[in-house]
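Results of the structural survey
Residues per chain, in single letters:
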Amino acid sequence: MATTVVGQRLSRVDARRKVTGTATYSAEHRVEGLLYGVIVNGTVARGTVCRISVDAALGHPGVLHVLTDFGSLRLVHPVDRIAFYGQPIAVVVAETLEAATHGASLVEATYERQDAVTDFDAPGIPSQTPADEPDYSRGDPAGALASAQVKVDLELTSARENHNPIELPSTIAQWQDGRLTLWDKSQWAQGAARTVAGALGIAVGDVRVLNEFLGGGFGSGIQTYDHVVLAAFAAREVGKPVKVVLTRRQFYYGTGFRPASRHRMALGSSTAGRVSALVYEVRIENARYQTYTDGLTDLPQFLYGVPNTRTAYRVTPVDVQSPCSMRGPGVVLGNFALETAMDQLAHELAVDPVELRLRNEPTQDEVNQLPFSTRKLRECYATGARRFGWSRRNAEPGSRTDGDLLIGMGMATASYHNNRRDSSARARIHADGTAEVFAATADMGPGTTTSVMQVAADALGLPASAVTFRLGDSSYPTAPLHAAACTMASVGSAAHTTCNALRAEFIRRAVADPNSPLHGANPADVQVRDGRLETSGARDTYRDILRRAGLPSLDITGNWGPGDADSKISTYGYGAVFAEVSVDPLLGLVRIRRIFAAYDVGRVISPKLAHSQAIGGMVGGIGMALLEGTVTDHRDGRIVNASLADYLVPVNADVPDLDAAFVNTEDPQADPIGVKGLGEITIVGVAPAIGNAVFNATGKRLTDLPIRPEALL
């Protein structure tokens with residue numbers, strides 16, 4: 001089929017609804033008889049609740065119920081004891097939010113405290129090797145490192161980070177005839193339905209989750225946290241619908257976070273710049289009650305052609321809430337360690353950082369000995385260097401100034417696995433010639449509603465204005481979590497496959513119908529454009545085919561999955577990130593001057609939205625590099641800076657000049673629409689590129705994130 005909609009620079013189809021306030025988010029739905037629930041959080045990191053006093057709360061006007069017995073719920077953490085600071089111990093339900101909030105402040109609890117450790121750097125805490133992250137080795141890394149002509153051995157750290165989308169976690173729960181409806185800020189409606197059903201002990205089919213609009217997520221809405229279950233529990237207990245919205249402070253200790261990490265990255269190289277050895281050891285904070293891992297060792301094992309490589313992943317359990325995915329999960333931290341060490345090696349070898357990476361380009365995926373589906377990283381380096389003006393960089397640190405400021409340039413490679421998962425879609429064409437496509441995915445900001453529509457429109461041979469993509473409902477056909485950069489490759493491929501099948505069904509009906517102008521035509525010769533089926537001068541339409549059949553619509557449900565493709569090919573997205581910074585040597589203040597990145601992410605479905613995704617990832621990377629860090633009071637596990645007044649995130653003044661380009665490629669081996677994930681990779685190389693630029697400006701190799709002014713003084 002001729003492509004007419006894919007590749008167009010369309011604005012988001014839901015943009016007007018969002019900017020005019022007519023898009024309805026989870027907490028905004030109007031439900032008759034709605035009550036308000038406010039969670040009361042525990043104030044110790046470890047222990048048991050001896051007594052909860054609720055009389056004062058129940059005596060407050062408007063307060064109807066105070067629920068404290070969660071023994072019937074099956075949660076991921078213990079319900080009979082406190083496992084982390086902020087764990088829910090009660091829910092106050094009232095007629096108004098104000099009454100519920102004040103009632104919650106009147107609930108008093110006494111505890112039997114136990115010794116707690118919330119600092120994973122505290123001495124004497126054993127670390128563990130997680131079952132899904134065993135030690136990895138190829139070649140003889142110890143011997144190769146010992147005999148290397150040039151060595152780099154760095155210790156690096158990163159602070160804990162918390163998610164900060166503008167929309168807070170929010171849930172409305174309503175029971176009707178034993179069935180539960182949840183309006184929930186979830187990145188995975190069907191996952192939320194399963195979690196809530198399991199926690200309450202009911203059938204999954206009795207739970208419906210609606211999440212059409214999400215105000216950002218970044219990973220905070222993948223898991224289903226206590227507030228969702230407790231909203232459903234409270235609504236069942238009181239017999240009326242209940243809304244629960246976390247405050248910003250509750251958000252910090254009521255959901256997961258990017259865990260703090262400690263790294264050792266050692267590289268061994270020849271004087272010619274051929275890296276022969278890599279040793280990477282990493283440790284992250286974890287909860288005692290649940291082990292969380294992500295892909296920290298992925299890129300150190302994979303990205304460069306290093307014959308002797310060893311990685312070791314450890315977790316340290318302490319008394320905290322369990323970490324969770326955050327944009328670029330794991331990979332962004334492992335890549336920070338790797339790309340910082342590569343930049344230091346380039347400096348010691350007196351080799352251009354781009355050239356060093358080119359000298360270590362692999363010919364295949366050395367982890368599993370598989371060929372690359374596509375790997376346009378060389379093109380990314382070339383495009384990025386040219387567009388950024390990398391040739392103007394002075395390799396001597398501290399040599400370039402602008403008045404009193406030191407100016408530096410740095411770069412880093414980015415990569416992320418092309419995740420594809422089984423997905424389904426339903427496509428329907430109506431008698432008026434318009435079409436709808438359905439899947440139980442979400443859109444937390446990348447423009448999924450628009451990009452899947454574009455794929456569907458081309459597959460159906462319809463204009464963009466005639467196609468609507470419906471999402472945000474767990475009752476729709478199966479979709480994976482809206483995360484891990486897998487949505488477009490998975491849901492988009494399912495929509496493409498299903499819409500192709502529906503188009504083929506219309507063609508089949510037309511050529512088999514004696515009353516059709518296409519009767520007897522070869523189906524392979526029939527083209528569809530703007531809803532018209534044409535061949536050899538004969539023409540039929542979707543509308544006429546449905547009219548003759550007496551049908552109001554025709555639909556098909558289809559499935560797509562990657563099958564065993566990952567056992568045959570290695571498919572990743574790639575990027576090259578270039579950054580320029582200024583450093584005030586008197587204040588230690590780092591400012592971003594500009595960032596440019598070039599990406600190989602396969603076929604770009606929606607260029608305008610892809611560019612927006614890239615800019616958003618860069619902003620997140622700036623926050624990681626220079627600003628973001630969660631501070632914990634280790635006496636009790638309380639988060640000190642749990643507000644946007646104290647937790648620093650980038651603002652417009654921090655991001656003056658950001659731009660991105662996409663190399664011309666697609667990945668037909670990975671999926672039928674040739675795409676590779678974009679949402680995660682755009683943050684992956686930003687922090688090391690900034691750190692490397694700071695080194696170029698100052699000659700100081702900073703290995704702790706975020707980069708703080710005092711480290712430069």
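This text follows the structure it describes.
We now turn to the structure provided with this report. (Residues numbered from 1 in each chain as written. Predicted model: local features only at pLDDT ≥ 70, side-chain atom pairs only at ≥ 80, totals over all residues. Heavy atoms only, no water.)

Another aspect to go through is the overall build of the protein chain. On a plain count of helices and strands, the protein chain comes out with 17 helices and 29 strands. Its C-alpha atoms give the protein chain a radius of gyration of 27 Å, within 12% of the compact-globule value 27 Å for 713 residues. With the C-alpha coordinates of the protein chain rotated into their principal frame, the extents come out at 80 × 75 × 50 Å. For the protein chain, contacts bridging at least 24 residues in sequence account for 81% of all contacts bridging at least 6. Summed over all atoms, the accessible surface of the protein chain reaches about 26900 Å², with 48% contributed by carbon and sulfur. For the protein chain, the separation between the mean place of its 68 positive charges and that of its 76 negative charges on side chains is 4 Å. (Helix = DSSP H or I, 4+ residues; strand = E, 2+ residues; numbered from the N terminus. Rg over C-alpha atoms; globule rule 2.2 N^0.38 Å. Contact = heavy atoms within 4.5 Å. Areas by Shrake-Rupley, 256 points an atom, 1.4 Å probe, with all protein chains shown as cover. Lys, Arg positive; Asp, Glu negative; His and termini not counted. Charge placed at Lys NZ, Arg CZ, Asp CG, Glu CD.)

A separate point is helix H14 (residues 542–549). For H14, every residue scored as buried is listed here: Tyr 542, Ile 545 and Leu 546. Relative to the axis of H14, the buried residues are bounded by an arc of 95° and lie together on one face. Every exposed residue of H14 that faces more than 90 degrees away from the buried side is listed here: Arg 543 and Arg 547. Backbone geometry just after H14 places Gly 550 at a positive phi near 70°. (Buried < 20%, exposed > 50% of the residue type's maximum accessible area, 1.4 Å probe, protein only. Arc of directions from axis to C-beta.)

Contact pair helix H5 (residues 189–200) / helix H6 (residues 226–238): the axes reach a minimum separation of 10 Å and the direction vectors enclose 50°. What the angle tells us is that H5 and H6 run oblique. H6 is crossed by H5, and the crossing has right-handed handedness. Touching Val 196, Ala 199 and Leu 200 of H5 are Val 228, Val 229, Ala 232, Phe 233 and Arg 236, all from H6. Residues belonging to the contact of H5 with H6 are distributed by class as follows: seven nonpolar, no polar and one charged. (Axes fitted to C-alpha atoms, helices over the stretch in contact; angles between N-to-C directions. Parallel < 35°, antiparallel > 145°, perpendicular 65-115°, else oblique. Left-handed = near helix turned anticlockwise from the far one by under 90°. Nonpolar A, V, L, I, M, F, W, Y, C, P; charged D, E, K, R; others polar.)

In this section: the sheet that holds strand E8 (residues 170–176). As a general point, the strands of a sheet are linked pairwise by backbone hydrogen bonds and lie either parallel or antiparallel. An order of E3-E4-E1-E11-E8-E9-E10 is seen for the seven strands of this open sheet, with the pairing classed as mixed. Across the chains shown, the open sheet's two edge strands, defined by having one partner strand only, are strand E3 (63–67) and strand E10 (207–210). Pairs of neighbouring strands in the sheet enclose a mean axial angle of 25°, with direction left out of account. In terms of strand pairing, E8 meets strand E9 (residues 179–184) through six bridges, oriented antiparallel. What sits directly across from Gln 176, in E9, is Arg 179. Against the sheet, H6 touches strand E1 (35–41), E3, strand E4 (88–94), E8, E9 and strand E11 (242–245), its axis set at about 30° to E8. (Pairing = 2+ DSSP bridges.)

With that out of the way, let us pick up unusual backbone geometry. Following Leu 705, the chain continues into Pro 706 via a peptide bond in cis, with omega recorded as 0°. Along the chain, Pro 706 turns up in the segment after strand E29 (704–705). Phi at Phe 218 takes a positive value of approximately 60°, unusual for a residue other than glycine. Mapped onto the elements, Phe 218 comes out in the loop between E10 and H6. You can call Phe 218 partly exposed: its relative accessible area is 36%. The backbone of Ala 350 sits at a positive phi, close to 60°, despite the residue not being glycine. Its place among the elements puts Ala 350 in the loop between helix H9 (331–349) and helix H10 (353–359).

A few words now on a nonpolar patch on the surface. Taken together, the side chains of Ile 166, Leu 644 and Val 649 make up a nonpolar region of the molecular surface, amounting to roughly 270 Å² of accessible area. Relative to the assigned elements, Val 649 resides in the loop between strand E27 (638–639) and strand E28 (658–662). (Patch = residues over 30% accessible without salt bridge, like charges linked within 9 Å, V, L, I, M, F, W, Y side chains within 5 Å. Salt bridge = Lys/Arg side-chain N within 4 Å of Asp/Glu carboxyl O.)

Attention now goes to the pattern of salt bridges. Taken as a whole and judged by the stated rule, the model has 41 salt bridges. The partner of Glu 161 in a salt bridge is Arg 258, and the shortest N-O contact between them spans 3.0 Å. Placement of Glu 161 in the loop between strand E7 (150–158) and E8 and of Arg 258 in the loop between helix H7 (248–254) and strand E12 (261–269) is noted, with a sequence separation of 97 residues between them. Here Arg 375 makes a salt bridge to Glu 361, at a shortest N to O gap of 2.6 Å. Here the residue Arg 375 occupies a position in the loop between H10 and helix H11 (377–388), and Glu 361 occupies one in the loop between H10 and H11, the gap between them amounting to 14 residues.

A word on the pairing of strand E24 (residues 572–584). Within E24, 13 of the 13 residues are buried, which leaves it mostly tucked inside the rest of the structure. The pairing of strand E16 (residues 405–417) with E24 spans twelve bridges and is classified as antiparallel. Residue pairing across strands places Gly 408 opposite Val 581, the latter belonging to E24. Pairing between E24 and strand E25 (residues 589–600): eleven bridges, direction antiparallel. Pairing of Tyr 574 across the sheet is with Asp 600, part of E25. In sequence, E24 turns back onto E25 through a hairpin of four residues, with Gly 588 there showing a positive phi of about 70°.

Residues Met 265, Ile 595, Tyr 599 and Ile 690 are the most contacted members of the largest nonpolar core, which totals 91 residues. With eleven residues, the top contributor of residues to this core is H9. Those residues in contact with Tyr 599 that lie beyond four places of it in its chain are Cys 380, Tyr 574, Gly 575, Val 577, Ala 614, Met 618, Ala 660, Ala 661, Phe 662, Val 663, Ile 681 and Thr 682. Counting 44 residues, the second-largest nonpolar core is a separate cluster that includes Ala 456, Ala 510, Leu 518 and Ile 673. (Core = buried A, V, L, I, M, F, W, Y, C linked by side-chain atoms within 4.5 Å.)

One pair of aromatic rings is described through two measures. These are the centre distance and the angle between the planes. Counted under the stated rule, the structure contains 14 aromatic pairs. Here the aromatic rings of Tyr 252 and Tyr 647 are separated by 5.6 Å at their centres, their planes lie at 70°, and the arrangement is edge-to-face. Of this pair, Tyr 252 sits in helix H7 while Tyr 647 sits in the loop between E27 and E28, placing them 395 residues apart in sequence. Judged by relative accessible area, which is 1%, Tyr 252 ranks as buried. Judged by centre distance (5.3 Å) and plane angle (75°), the ring pair of Phe 438 and Tyr 476 falls under edge-to-face. Within this pair, whereas Phe 438 is found in strand E18 (residues 435–438), its partner Tyr 476 is found in the loop between strand E19 (467–470) and helix H13 (487–512), the two being separated by 38 residues in sequence. Tyr 476 matches Phe 438 in its accessibility class, with the two residues each being buried. Here a set of aromatic residues connected by ring pairs shows up, and it is made of Phe 302, Phe 372, Tyr 572 and Tyr 574. (Phe/Tyr/Trp six-rings, centres within 6.5 Å; stacked < 30°, edge-to-face > 60°.)

Where H9 contacts helix H17 (residues 686–698), the two axes come as close as 8 Å, and the packing angle between them is 30°. When the axis of H9 is compared with that of H17, the two are roughly parallel. H9 and H17 meet at a crossing whose hand is right-handed. Seen from H9, the contacting residues are Asn 335, Phe 336, Glu 339, Thr 340, Asp 343, Gln 344 and His 347; seen from H17, they are Ala 687, Pro 688, Asn 692 and Phe 695.

This brings us to the sheet that holds strand E6 (residues 136–138). Overall, mixed pairing links the six strands, which are arranged E6-E14-E13-E12-E7-E29 in an open sheet. Among the strands making up the open sheet, the edge pair consists of E6 and E29. In the sheet, E12 pairs with strand E13 (residues 275–287) via nine bridges, with the strands oriented antiparallel. Within E13, the position partnered with Leu 267 by the bridge is Leu 278. Lying on the sheet, H9 is in contact with E7, E12, E13 and E29; it crosses E7 at an angle near 145°.

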